[in-house]
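# Descriptive structure summary
Take a look at the letters that make up each chain.
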Amino acid sequence: MKIGVLAVQGDIREHAASVEKLGHNTVLVRDARYLDELDGLIMPGGESTTMTILMKRFGLWDKLKSLIEHGMPVYGTCAGLVLLSKRVTNYPDQPTLGVLDVEVERNAYGSQTESFEARLRIPILETEISAFFIRSPIVRSSSMKVEVLAKYGGTSVLVRQGNVLASTFHPELTDDLQVHQLFLESISLRRQGAKA
Ligand code: GLN
């Protein structure tokens, strides 16, 4: 498969390396042309406000929103999840793509020094993974459309709504490829479903 990694800012290389270790090709997406013919897109962590400005400047914002609304599989981590969300509770004027029916609080665990690593149980994978939370958001509310795939400290940290997968943590900073694998497998399953 050909998986795009949004390459405007953030931990782009780490996501590309995870996808490549799983045997798929990656495309670093810098402007709207790169969005064509992708099987899926990863939106890395970074600084969501900076990413928004750059995505708009490079003509990515509207096209990406429309592609996701039409079913393009996307996986957003941390700032990526903020961009996908419906609303940012502590920055209500911050623009978001609004394709994931959750409300998030940015930087909700505190500053960089409050970043931490945690073990997470992922029931659908019947496994535990190690995850880094780096100035992560907290999902403060989500609608019935959103499936909760993992929780930490009582809040949702891995969620899915149809073609949109998102985590408040960074799996790309560990050697554990299981969340990337979940994303890639869900693309294959959706394709098989579309053919059937
Ligand atoms: N604090 C960042 C934001 O809200 C997200 C941090 C991250 O992606 N690691 O944009």
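Residues numbered from 1 in each chain as written. Predicted model: local features only at pLDDT ≥ 70, side-chain atom pairs only at ≥ 80, totals over all residues. Heavy atoms only, no water.

### A word on the site of the ligand
Every residue lining the ligand is accounted for by Gly45, Gly46, Glu47, Ser48, Cys78, Ala79, Arg106, Asn107, Ile134, Arg135 and His170. Here an oxygen atom of the ligand and a side-chain polar atom of Glu47 are 3.5 Å apart. A distance of 2.3 Å is found between a nitrogen atom of the ligand and a side-chain nitrogen or oxygen belonging to Asn107. With respect to the detected pockets, the ligand is housed in the largest pocket. Taken together, the residues of the shell around the ligand sort by class into three nonpolar, five polar and three charged. (Near = heavy atom within 4 Å. Polar contact = N/O pair within 3.5 Å; in protein donor to acceptor, adjacent residues only side chain to side chain. 1 Å grid on protein atoms, 1.4 Å probe; cavity = no way out; pocket = protein on both sides within 12 Å on 5 of 7 lines; lining within 4 Å. Sits in = over half its atoms within 2 Å of the grid points. Nonpolar A, V, L, I, M, F, W, Y, C, P; charged D, E, K, R; others polar.)

### What to know about the nonpolar core
Within the largest apolar cluster, 33 residues are counted, with the highest numbers of intra-cluster contacts made by Leu41, Met43, Met55, Leu64, Leu84 and Leu100. Counting only elements with at least two residues in this core, the list comes to β2 (25-29), β3 (40-43), α2 (48-57), α3 (61-69), α4 (79-84), β6 (100-105) and β12 (164-167). Excluding anything up to four places from it in sequence, Leu100 contacts Leu81, Leu84, Ser85, Lys86, Val146, Val159, Gln161, Val164 and Ala166. Core analysis: the next-biggest nonpolar cluster, separate from the first, contains 21 residues, Val157, Val179, Leu182 and Leu184 among them. (Core = buried A, V, L, I, M, F, W, Y, C linked by side-chain atoms within 4.5 Å. Buried < 20%, exposed > 50% of the residue type's maximum accessible area, 1.4 Å probe, protein only. Helix = DSSP H or I, 4+ residues; strand = E, 2+ residues; numbered from the N terminus. Contact = heavy atoms within 4.5 Å.)

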